Protein chains: 2
Amino acid sequence: MRLSSLQNPQIKAWAALRTASGRRQQGLFLAEGEHLAGEALQAGAAQALLVDEERQEQYEKYLNTPVPVYLMPPHVLQKVCDAKTPQGILAVCPIPAQQELGSLGGRLVALNGVQDPGNAGTIWRTMDAAGFTGLVMDEKSADPFSPKALRASMGAVFRVPVYRCASLAAALAPLAGCAFLAGDLQGEDFFARAPVQGDLCLLIGNEGQGLDEETQAMATHRLKLPMPGGAESLNAAVAAAIMMYDVVRRNG
Amino acid sequence: MRLSSLQNPQIKAWAALRTASGRRQQGLFLAEGEHLAGEALQAGAAQALLVDEERQEQYEKYLNTPVPVYLMPPHVLQKVCDAKTPQGILAVCPIPAQQELGSLGGRLVALNGVQDPGNAGTIWRTMDAAGFTGLVMDEKSADPFSPKALRASMGAVFRVPVYRCASLAAALAPLAGCAFLAGDLQGEDFFARAPVQGDLCLLIGNEGQGLDEETQAMATHRLKLPMPGGAESLNAAVAAAIMMYDVVRRNG
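Here the residue numbers are simple positions, counted from 1 along each chain's written sequence. In the order they appear in the text, chains get letters beginning with A and ligands get numbers beginning with 1. With pLDDT at 70 or above as the cut-off, local features in this predicted model cover only qualifying residues; side-chain atom pairs require 80 or more to be listed or tallied, and sums for whole chains, interfaces and linings still use all residues. Excluded from the side-chain calculation are hydrogens and water; included are all heavy atoms of the structure.

## Let's talk about the pairing of strand S9 (residues 200-205) of chain A
All names here are of chain A. Stated precisely, the cut-off is as follows: When accessible area is computed with a 1.4 Å probe and restricted to protein chains, residues below 20% of their type maximum are described as buried, those above 50% as exposed, and intermediate ones as partly exposed. For the purposes of this entry, the term helix denotes a DSSP run of H or I that reaches at least four residues, the term strand denotes a run of E that reaches at least two, and both are numbered from the N terminus. Pairing between strands is defined by DSSP: at least two bridges between them are needed.
With respect to burial, S9 is a largely interior element, six of its six residues being buried. Of the two faces of S9, the one carrying Leu 200, Leu 202 and Ile 204 and the one carrying Cys 201, Leu 203 and Gly 205 are both buried. Relative to S9, strand S5 (residues 107-112) runs parallel, the two being bridged by six bridges. Bridge pairing links Arg 107 to Leu 200 in S9.

Below you can see the structure in the form of structure tokens.
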């Protein structure tokens, strides 16, 4: 189908998915660009495919799909896109229904006010590489379905479930027996930690303030990444990655 | 001194420091925001301090300095600032003279076409935390003195020297005996690598294409970070951080 008018209500509805409220109201998100849209199709997660009609040839291999394809002139597609240099293809996907916390598996990362969507998305991507099983985010954290977070996540949205909650402390309390590892400048050396058996959850705090008190209080292990150089802190996504990969190294 | 006109040639000169060509012509960069400007003053690296005259009280502790202070109305300071929400303070600093490669120390990271200034800055910050001694960047990589890279670097510019060159292969060739560790999807398991003694340099490639052929050919160790999950790659700054911190863990 071809849509050519900026006034088309369907175009307006899709454009609204660039905002958090639009995504919440419609229960949909946008997978922008060839990589993400391709992953959405492959995962069977796309509800519609939007393609720049001037780039049909380039994206021909995606057009033969059971998913409805909408062709539109570049200026119309541009209205739906968040990217400054749009690639001319995007998929509209339903936001997955939230799984129960207990079904997220035993390798979790929980974000406490991680506000930068790039950091949240990068953590999601690293989880996807490291084989972590579930991302938990409180309402102070960035919206994981924003275009920026999704761009940084590189398709993790289609493999690693996200669980959103008002407060980590309340949501994670039922996870009896789970080890909660928190960064703490007064903690013991991360690399010298005693073995952690069974389920574990890394607690990652806000870029400036770190973990809030309530979340810090949940920690069963307080650990410090050594900083032999001059810096006093690490980027949140970097700290999460170093910890995740050391878990991979030690626990497999 | 107070500067109040957007037409002031000094204001125009500082505003030009937001661009790569302006920084190159003038040999200066901008350290924006309270954190970076404060670090610049502390490091004795500031040539001038620019402050929003409406926020003098907030920044009073920085005003008593041997460095010349220029007060200006917010709309004038805004012209010099790159940040969308400027903090009302910035330092103008000379770009440090390039040290000789041999004086950079024995823990290097070399960037081969890392184009995202946020990634370059984050790698710089992680080096500063992990005690790495020198950052080498080829001309295909982002400008480390851009406001975005400096923001992500969190002051590493004042502690970890950067060496810029046309080509890594040509520049690093004289480093006899240095181990060059490269990511390679066909390489051996990074965590199972044999001990690396002495000087080492991590080679970090472009976000999409990885290392170019010439740089890949320099590698003395080809290593792969395990990805037991579904993702096929890691963010460049994340991969660099995991490798740097595993060097810290093993070699101290």
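## Structural notes on helix H6 (residues 117-130) of chain B
All names here are of chain B. How we decide: The span one expects for a helix is its residue count, reduced by one, times 1.5 Å.
For H6, which comprises 14 residues, the first-to-last C-alpha distance of 20 Å matches the rise-based estimate of 20 Å (1.5 Å per residue) to within 8%. Among the residues of H6, those classed as buried are Asn 119, Ala 120, Gly 121, Thr 122, Ile 123, Trp 124, Arg 125, Thr 126, Met 127, Asp 128, Ala 129 and Ala 130. Directly after H6, the chain includes Gly 131, whose backbone phi takes a positive value near 75 degrees.

## Here we look at the nonpolar core
We count it as follows: Residues enter a nonpolar core if they are buried and are Ala, Val, Leu, Ile, Met, Phe, Trp, Tyr or Cys, with the set joined through side-chain atoms within 4.5 Å. Should any heavy atoms of two residues lie within 4.5 Å, those residues are considered in contact.
Within the largest apolar cluster, 123 residues are counted, with the highest numbers of intra-cluster contacts made by Leu 49, Val 109 and Ile 204 of chain A together with Val 109, Ile 204 and Tyr 245 of chain B. Excluding its chain neighbours within four sequence positions, the residues that come into contact with Leu 49 of chain A are Ala 37, Leu 41, Tyr 62, Leu 63, Val 67, Pro 68, Val 69, Tyr 70, Ile 89, Leu 90 and Ala 91 of chain A.

## Topic: the sheet that holds strand S3 (residues 69-72) of chain B
The strands that make up a sheet pair up through hydrogen bonds in the backbone, lying either parallel or antiparallel. Residues and elements named next belong to chain B. Note the cut-off: Simply put, an axis is a line fit to the C-alpha atoms, just over the touching stretch for a helix, and the angle between two N-to-C directions goes from 0 to 180 degrees.
Strand order in this open sheet of four strands is S1-S4-S2-S3, and the pairing throughout is mixed. The strands lining the two open edges of the sheet, one partner per strand, are strand S1 (28-32) and S3. Within this sheet the neighbouring strands show an average axis-to-axis angle of 20 degrees, counted without direction. Pairing of strand S2 (residues 48-52) with S3, which is carried by four bridges, proceeds in the parallel orientation. Note on S3: the bridge partner recorded for Leu 49 is Val 69. Strands S1, S2 and strand S4 (89-94) of the sheet are contacted by helix H3 (residues 33-42), whose axis makes an angle of about 40 degrees with S4.

## Some points on the sheet that holds strand S9 (residues 200-205) of chain B
All names here are of chain B. The sheet built from six strands is open, its strands ordered S7-S6-S5-S9-S8-S10 with parallel pairing. For this open sheet the edge positions go to strand S7 (162-165) and strand S10 (221-224), each flanked by a neighbour on one side alone. Strand after strand, the sheet turns through a mean of 30 degrees between neighbouring axes, direction not considered. Relative to S7, strand S6 (residues 134-138) is paired through four bridges, and the arrangement is parallel. Bridge pairing links Met 137 to Arg 164 in S7. Across the sheet, helix H10 (residues 236-251) is in contact with strand S5 (107-112) and S9; its angle to S9 comes to roughly 165 degrees.

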